[in-house]
Amino acid sequence: MTRRQIMFAAIWLLIVVGVPLLGHLARESQSARCAFDGQPIVPIYRVRVERLADDKFSFCCLECARRWLEGHAGNPRVLVTDETSGREIPASEAIFVRSQVVTTSATGNRVHAFANQADAQRHAESSNGQILIGARRPFAQDTAEHKLSTKVNTQSTAE
Amino acid sequence: MILNAYAVLDLFLCGIRVLLAVALAAVTVQALLKSRKTRSADQEIDQPSGQENRGYLAMLLGMILFGLSLAAWPMLYLLLDSYIPQWPGVMCIYGVTQIGRGTTGVSRFLPGILTTIESLRPLVVFLAGAWLVAYRTARRAETDSPLGRLPDSRQTTFPQPAGVLAKGSLWLLVALACASAVDAGLEAAYVVLPKQTAVRSGGCCTMMNADNRGASGIFTHGDTPAPTWLWVSEGIVLLGMMAGLAAVAYQPVGCIRRGRLWLLCLGAAGTLILTSLFLIDIAAPWLLRLPRHHCLYCLFVEVPESLLAVLALVGGGFAVGWAGVLALVQTRRGWQQNNRDSAMPSDAESTVDEGIRRLLRWGLAGYVSFAIMLPLEMVLAQ
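Residues numbered from 1 in each chain as written. Chains lettered and ligands numbered in written order. Predicted model: local features only at pLDDT ≥ 70, side-chain atom pairs only at ≥ 80, totals over all residues. Heavy atoms only, no water.

(A) Looking closely at empty space enclosed by the protein. All names here are of chain A. Enumeration according to the criterion identifies two cavities of 30 Å³ or more in this entry. At the level of secondary structure, the elements contributing two or more residues to the lining of the largest cavity comprise strand E3 (77-81) and strand E6 (111-114). A total of three residues in the lining of the largest cavity trace back to one element, the largest contributor, which is E6. Here the lining of the largest cavity is composed, by residue class, of eight nonpolar, four polar and two charged. (1 Å grid on protein atoms, 1.4 Å probe; cavity = no way out; pocket = protein on both sides within 12 Å on 5 of 7 lines; lining within 4 Å. Points joined across faces, edges and corners; volume = space filled by probe spheres on them. Helix = DSSP H or I, 4+ residues; strand = E, 2+ residues; numbered from the N terminus. Nonpolar A, V, L, I, M, F, W, Y, C, P; charged D, E, K, R; others polar.)

In structure tokens form, the structure reads like this:
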């Protein structure tokens, strides 16, 4: 091999190995993305699903979390973000409002989560929305199952 | 019509490409027709003939069209990317490609037009590359005119090998001009056709593919493991191609068997098809870290280095294809007649063989690059 060929091979190897490494490093520093559609997560709309202690997923909106849960078995714990304060609350304790305001354009999600009744009421009035109750609440079944399994686990532990 | 900076630039490019393609087709067909006629007796040998001038013009037009076709490829996706915010619910380029599906107006042609453009674009680049390769080899075989010496009944009973190559490259230019004209015309039609009123039917790739199945129909649910046969066959085909290319490209001069070359061309086409399935069903969800997401558009946007790996593979496949085109030109009647009685390979034959060998080496480099880059990216993304 001539010196020129060795040089050419070295540059080629550098590109072929270096580009994937650089790309990986660049992406590592990026902000969190939705586990369902890969979109960037806006903090006030974040939804987290915990199946096991080390099996946690973040989503960009309620709709993505709902669709992801449809394809995954288990009793997940769903945490939603209160849009007013930005803190996480269990989905079973949240008050959901369906309004005209779209949170994520890709999914068209219009359901909003709030920690207290007054904030939910205010949003419903200002954005032509309504508070969701009963079976119309998002994750109604999942959270009920989770509650039931938690209760059964607690009882069995007590016994 | 959605008017933005990309749409204007794209329309401008389309206009130029159509004009160039028509001019190229006219010049090339004229050159092909004239090459059959005898040169006039009073023509000066040392003066450039009209035929040679046509050759220069065709070469120039072909070069410009090649450059514009290359530029138009990413331009199309930049245009589609700029359309994403136009419709609520469209998340990536896949969503834009679905605009018009299920409608009744002229918008219903939009997805079909776009699919045709997406298929024609690689074909145009392949044809342009094939012409360039044939042209360069013709130059090497005989360098007294930009297209080699065209077949001329006054000079010899049988066409010269370089002349056969030159004529082959002219036919490739005709094909390039036709494909470019159709491609550019369709793209202009796509830009101009009304879109805003089109009803969206599943514009988001996540909602389309993730709920039901992968693009190739292999996956049914998110938790289904990747099919083993696809992993195995992709590995076998890639390794087979690399071994085959290394064996053929590094053979001694004058020993490339055409049967092996055709087999490699077939393998290259098969590898491209199989790899596209592999990318959609396995690599995209893996690299995006989204088990239900089988979208190549999202893959190339979110993991841009994967595009480099795919381009290396496509380049490798094209190089093998171009080697096949060179060999195809070599098997034409004029060439064979010229070399029938010769036991040793002629200079022109050696030149073509060397050209094929060089292309196969480039092809091997492309396949090896892909075989290193993609697995490395997948290991890093794990």
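On we go from here.
(B) Quick peek at the pairing of strand E5 (residues 95-98) of chain A. Residues and elements named next belong to chain A. Relative to E6, E5 runs antiparallel, the two sharing four bridges. The partner of phenylalanine 96 across the bridge, within E6, is alanine 113. As paired elements, E5 and strand E7 (residues 130-132) share three bridges and run antiparallel to each other. Its bridge partner being in E7, phenylalanine 96 is matched across the sheet by leucine 132. (Pairing = 2+ DSSP bridges.)

(C) Geometry of a positive patch on the surface. All names here are of chain B. The grouping of Arg136, Arg140, Arg358 and Arg361 at the surface amounts to a positive patch. At the level of secondary structure, the elements contributing two or more residues to the positive patch comprise helix H4 (110-141) and helix H12 (347-381). With respect to the element layout, arginine 136 can be found in helix H4. Given a relative accessible area of 47%, arginine 136 falls into the partly exposed group. (Patch = residues over 30% accessible without salt bridge, like charges linked within 9 Å, V, L, I, M, F, W, Y side chains within 5 Å. Areas by Shrake-Rupley, 256 points an atom, 1.4 Å probe, with all protein chains shown as cover. Salt bridge = Lys/Arg side-chain N within 4 Å of Asp/Glu carboxyl O. Lys, Arg positive; Asp, Glu negative; His and termini not counted. Charge placed at Lys NZ, Arg CZ, Asp CG, Glu CD. Buried < 20%, exposed > 50% of the residue type's maximum accessible area, 1.4 Å probe, protein only.)

(D) Looking closely at the nonpolar core. Ranked by size, the top nonpolar core spans 102 residues in total, and within it B:Tyr83, B:Tyr190, B:Ile356, B:Leu360 and B:Tyr367 carry the most contacts. No other element matches H4(B), which puts 14 residues into this core. Excluding residues within four positions of it along the chain, B:Ile356 makes contact with B:Ile256, B:Arg258, B:Leu261, B:Ala323, B:Leu326, B:Ala327 and B:Gln330. In this structure, A:Ala35, A:Phe36, A:Cys61 and A:Val78 belong to the second largest nonpolar core, which totals 24 residues. (Core = buried A, V, L, I, M, F, W, Y, C linked by side-chain atoms within 4.5 Å. Contact = heavy atoms within 4.5 Å.)

(E) Just the sheet that holds E3(A), in detail. All names here are of chain A. What the four strands build is an open sheet, ordered E2-E1-E3-E4; its pairing is antiparallel. In this open sheet, the two strands that pair with only one neighbour each are strand E2 (55-59) and strand E4 (88-90). Neighbour to neighbour, the strand axes of the sheet diverge by 25° on average, direction disregarded. Relative to E3, strand E1 (residues 47-52) is paired through four bridges, and the arrangement is antiparallel. Note on E3: the bridge partner recorded for arginine 48 is leucine 79. Relative to the sheet, helix H2 (residues 62-70) contacts E1, E2 and E3, its axis offset from that of E1 by approximately 25°. (Axes fitted to C-alpha atoms, helices over the stretch in contact; angles between N-to-C directions.)

Keep in mind these numbers describe shape, not what the thing actually does.
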